[in-house]
Protein chains: 2
Amino acid sequence: MIFDEIVQSAIENVHGGLAAVIMGRDGISLSQFMAENAEVDIETLGIEYANLFAEIGKAAETLGSGSVQEVMLLTDQYQIVIRSINPEYFMALILAPDGNLGKGRFLLRVSIPKILAEL
Amino acid sequence: MIFDEIVQSAIENVHGGLAAVIMGRDGISLSQFMAENAEVDIETLGIEYANLFAEIGKAAETLGSGSVQEVMLLTDQYQIVIRSINPEYFMALILAPDGNLGKGRFLLRVSIPKILAEL
């Protein structure tokens, strides 16, 4: 399936890529891929960040900041990039702290039109 | 006051810098600076993002991702970078959509030790 290829390709082409997921804003994943050895609970992570993305979107609307296109989070253990696909789906990439965040963002950005073409 | 100098210097040294704020996680701002012509309701923005930062922190802890160091949000109207100073304060930079996000992140990162030295 094209979605599986997209998430796999995103992880295999970025240094430090741990996991990628295409997820509905209701927290149900459409497709996901995890690097070997990656210890990421991607379902839980996806659901939590689906909620956060919704909260952030609401806050941004309240503030008149317009809709949220991309969110990046740097925590002690992960770098997380989340990008909106459409009002129903988003895609998230999870990288190691020393992973290439710039390349990750780029791969996420070029994945979106490919996903949109299939939805 | 050193805090005022830090927020002003951050905005004046980045292309597209609109506003900077050092804010308590309770939503009360310690210091803020806005570029001329910038139409940003920085108090409201700060309070909303103080809440979001708290929510994100809680989610990250739940997930065992460790503490959140930095959050970036790209909306239709702004690029927002938020960085943790300590458990009580954070600093946020708000840039125009065409502003230099990389430089903004850099300025935010180098501001933190200066702020910590004064707290």
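Structure first, text after, so check above.
Residues numbered from 1 in each chain as written. Chains lettered and ligands numbered in written order. Predicted model: local features only at pLDDT ≥ 70, side-chain atom pairs only at ≥ 80, totals over all residues. Heavy atoms only, no water.

**What about the packing of helix α1 (residues 2-12) of chain B against helix α3 (residues 101-118) of chain B?**
Residue and element names in this part refer to chain B.
No. 1: Following both chains from N to C, one finds α1 and α3 inclined at 175°, their axes separated by 10 Å at the closest point. In this view, α1 runs roughly antiparallel relative to α3, as classed from their interaxial angle. Touching Ile2, Phe3, Ile6 and Ala10 of α1 are Leu107, Ser111, Lys114, Ile115 and Glu118, all from α3.
No. 2: Partitioned by chemical class, the residues of the contact of α1 with α3 number six nonpolar, one polar and two charged. (Axes fitted to C-alpha atoms, helices over the stretch in contact; angles between N-to-C directions. Helix = DSSP H or I, 4+ residues; strand = E, 2+ residues; numbered from the N terminus. Parallel < 35°, antiparallel > 145°, perpendicular 65-115°, else oblique. Contact = heavy atoms within 4.5 Å. Nonpolar A, V, L, I, M, F, W, Y, C, P; charged D, E, K, R; others polar.)

**Points about the interface of chain B and chain A**
No. 1: In this complex, chain B contributes 28 residues to the contact, which on the side of chain A involves 28 residues.
No. 2: Taken together, the connections running from chain B to chain A amount to nine residue pairs in polar contact (both at pLDDT 80 or more).
No. 3: Broken down by secondary-structure element, the contributors of at least two residues to the side of chain B that touches chain A are α2 (42-62), β3 (68-75) and α3 of chain B.
No. 4: The greatest single-element share of the side of chain B that touches chain A, amounting to ten residues, is contributed by α2(B). (Polar contact = N/O pair within 3.5 Å; in protein donor to acceptor, adjacent residues only side chain to side chain.)

**Things to note about the nonpolar core**
No. 1: Counting 91 residues, the largest nonpolar core has A:Met91, A:Ile94 and B:Met91 as the members making the most contacts within it.
No. 2: Non-local contacts of A:Ile94, meaning those with residues more than four positions away in its chain, are made with A:Ile11, A:Gly16, A:Gly17, A:Leu18, A:Ala19, A:Val40, A:Ile42, A:Leu45, A:Tyr78, A:Gln79 and A:Ile80. (Core = buried A, V, L, I, M, F, W, Y, C linked by side-chain atoms within 4.5 Å. Buried < 20%, exposed > 50% of the residue type's maximum accessible area, 1.4 Å probe, protein only.)

By themselves, these figures tell us nothing about what the structure is for.
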